Amino acid sequence: MWQIASARELWLVNPRIKAPRLMTRANDNPYRAQQRTRIASAAARLIAEDGISDYALAKRKAANHLGFPDNVHLPENAEVEAELRIYQRLFQDVEQIARVTCLRQKASGIMSKMLKFNPYLTGSVLDGTAARFAEIDIQLFTDSAKDVEIFLLNQGIDYEHSTPRSERAETVLTIHDEDALVNLVVYPSQEERVTFKTRDGRNRQRARLDAVNKLLIASRMDSR
């Protein structure tokens, strides 16, 4: 079950699929690189098929299923993401496009209502890797997180508090939007000028409403 081809192996038999950029480490050797590739491939499958959103958890579960020891060198998140994109393109293409489009439409609707709080879409819905059961992450920037709660109450929108993933966030308000969860991650206003980082040190992408709507327009044009 876990002996699946890596993205690079799949590219060799299907060159129409864009090959991911190889990632190397100074102390890599061929065997260690192969281990990381196998773990990245298995983790990508867990994310795509089971909807695991935590890359660290997916990597640990993948390594365990493959029988590697606890001290095995795990791949970077970017390596897993590269494998995920190839897996989704090969095995979930139509489903993936429909899911991402649907989630972006929901995000656009929420952001339109929350314009006074400077909303930005971020995470897998923005970058196009949203797997099954993916949640929509929207950053809000305001002087008072309480104002967001009052706004939601006045709009008749039910929400619940969730655990923030970052110490910089004041609170996370989760909305159940039909079959999707929307996380409103509220930050102080001054944080809007700060460049956010992912857990592996990359700049976190984010997009305003107009950029999200442009993505939706582009997806409609591509589907014609």
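Reading the values: rules and limits
- Residues numbered from 1 in each chain as written.
- Predicted model: local features only at pLDDT ≥ 70, side-chain atom pairs only at ≥ 80, totals over all residues.
- Heavy atoms only, no water.
- Helix = DSSP H or I, 4+ residues; strand = E, 2+ residues; numbered from the N terminus.
- Buried < 20%, exposed > 50% of the residue type's maximum accessible area, 1.4 Å probe, protein only.
- Areas by Shrake-Rupley, 256 points an atom, 1.4 Å probe, with all protein chains shown as cover.
- Phe/Tyr/Trp six-rings, centres within 6.5 Å; stacked < 30°, edge-to-face > 60°.
- Pairing = 2+ DSSP bridges.
- Contact = heavy atoms within 4.5 Å.
- Axes fitted to C-alpha atoms, helices over the stretch in contact; angles between N-to-C directions.
- Expected span 1.5 Å × (residues − 1).
- Parallel < 35°, antiparallel > 145°, perpendicular 65-115°, else oblique.
- Left-handed = near helix turned anticlockwise from the far one by under 90°.
- Core = buried A, V, L, I, M, F, W, Y, C linked by side-chain atoms within 4.5 Å.

Draft legend 1. Up close: the overall build of the protein. Broken down by element type, the protein carries 8 helices and 6 strands. Moving toward the C terminus, one meets the helices and strands of the protein in the order α-α-α-α-α-β-α-β-α-β-β-β-β-α. Burial status across the protein gives 45% buried among its 224 residues. On the protein, roughly 12,700 Å² of surface is accessible, and the fraction owed to carbon and sulfur atoms is 50%.

Draft legend 2. Structural detail: the packing of aromatic side chains. Following the criterion strictly, the structure yields 6 aromatic pairs and no others. With a centroid separation of 5.6 Å and 90° between ring planes, the pair formed by Tyr120 and Phe141 is classed as edge-to-face. Of this pair, Tyr120 sits in strand β1 (residues 120-122) while Phe141 sits in strand β2 (residues 136-142), placing them 21 residues apart in sequence. Each member of the pair Tyr120 and Phe141 is classed as buried. Between Phe141 and Phe196, the ring centres sit 6.2 Å apart and the planes meet at 70°, which makes this aromatic pair edge-to-face. Of the two residues, Phe141 is situated in strand β2 and Phe196 in the loop between β5 (180-188) and β6 (206-207); the sequence distance between them amounts to 55 residues.

Draft legend 3. Representation of the sheet that holds β1 in the model. With mixed pairing, 6 strands are arranged side by side in an open sheet as β3-β4-β5-β2-β1-β6. At either end of the open sheet lies a strand with only one pairing partner, and these are β3 (160-162) and β6. Of the pairings in the sheet, the one linking β3 to strand β4 (residues 171-177) comprises 3 bridges and is antiparallel in character. By the bridge assignment for β4, Ser162 is matched with Val172. Contacts from helix α5 (residues 93-113) reach β1, β2, β4, β5 and β6 within the one sheet, and its direction differs from that of β2 by about 20°.

Draft legend 4. Geometry of α5. An ideal rise of 1.5 Å per residue puts 30 Å on 21 residues; α5 measures up with 31 Å between its terminal C-alpha atoms. Taken together, the buried positions of α5 are occupied by Gln96, Arg99, Val100, Thr101, Leu103, Arg104, Lys106, Ala107, Ser108, Ile110 and Met111.

Draft legend 5. Molecular detail of helix α2 (residues 30-50). Taking 1.5 Å as the rise per residue, α2 with 21 residues should run 30 Å; its terminal C-alpha atoms sit 30 Å apart, in good agreement. Within the sequence span of α2, burial applies to Gln35, Arg36, Thr37, Ile39, Ala40, Ser41, Ala42, Ala43, Ala44, Leu46, Ile47 and Ala48. Of the residues trailing α2, Gly51 is marked for its positive phi of about 75°.

Draft legend 6. Focus on the pairing of β5. Taken across its 9 residues, β5 has 8 buried, putting it largely inside the fold. Both β4 and β5 contribute to a ladder of 7 bridges, which runs antiparallel. Note that in β5 the partner of His176 across the bridge is Leu181. Between β4 and β5, which pair antiparallel one after the other, the connecting turn spans 2 residues, and Glu178 there sits at a positive phi close to 55°.

Draft legend 7. How the structure looks around the packing of α2 against helix α3 (residues 55-65). Orientation of α2 relative to α3, taken along the N-to-C sense of each, is 120°, at an axis distance of 8 Å. Taken as axis vectors, α2 and α3 run oblique relative to one another. You can see that α2 and α3 cross each other, and the crossing is right-handed. Side by side, α2 and α3 meet where Ile39, Ala42, Ala43, Leu46 and Ile47 of the first sit next to Tyr55, Ala58, Lys59, Lys61, Ala62 and Ala63 of the second.

Draft legend 8. Layout of the nonpolar core. Formed by 29 residues in total, the largest nonpolar core has its most connected members in Met114, Leu121, Ile138, Leu152 and Leu184. Mapped by element, the contributors of at least two residues to this core are α5, α6 (124-127), β2, α7 (145-154), β4, β5 and α8 (209-223). When residues no more than four places from it in sequence are discounted, the contact partners of Leu121 are Ala107, Met111, Leu126, Ile136, Asp137, Ile138, Gln205, Arg206, Ala207 and Val212. In terms of nonpolar packing, the next biggest core, distinct from the first, is built from 20 residues, Leu46, Ile52, Tyr87 and Ala131 among them.

Draft legend 9. Geometry of the environment of Asp200. Position of Asp200 among the secondary structure elements: in the loop between β5 and β6. Sequence separation between Asp200 and Glu76 is 124 residues, and the spatial gap between their C-alpha atoms is 7.1 Å. In this structure, Asp200 is in contact with Glu76, Asn77 and Ala78, ignoring residues within four places of it in sequence.

Purely geometric numbers; function is a separate question.
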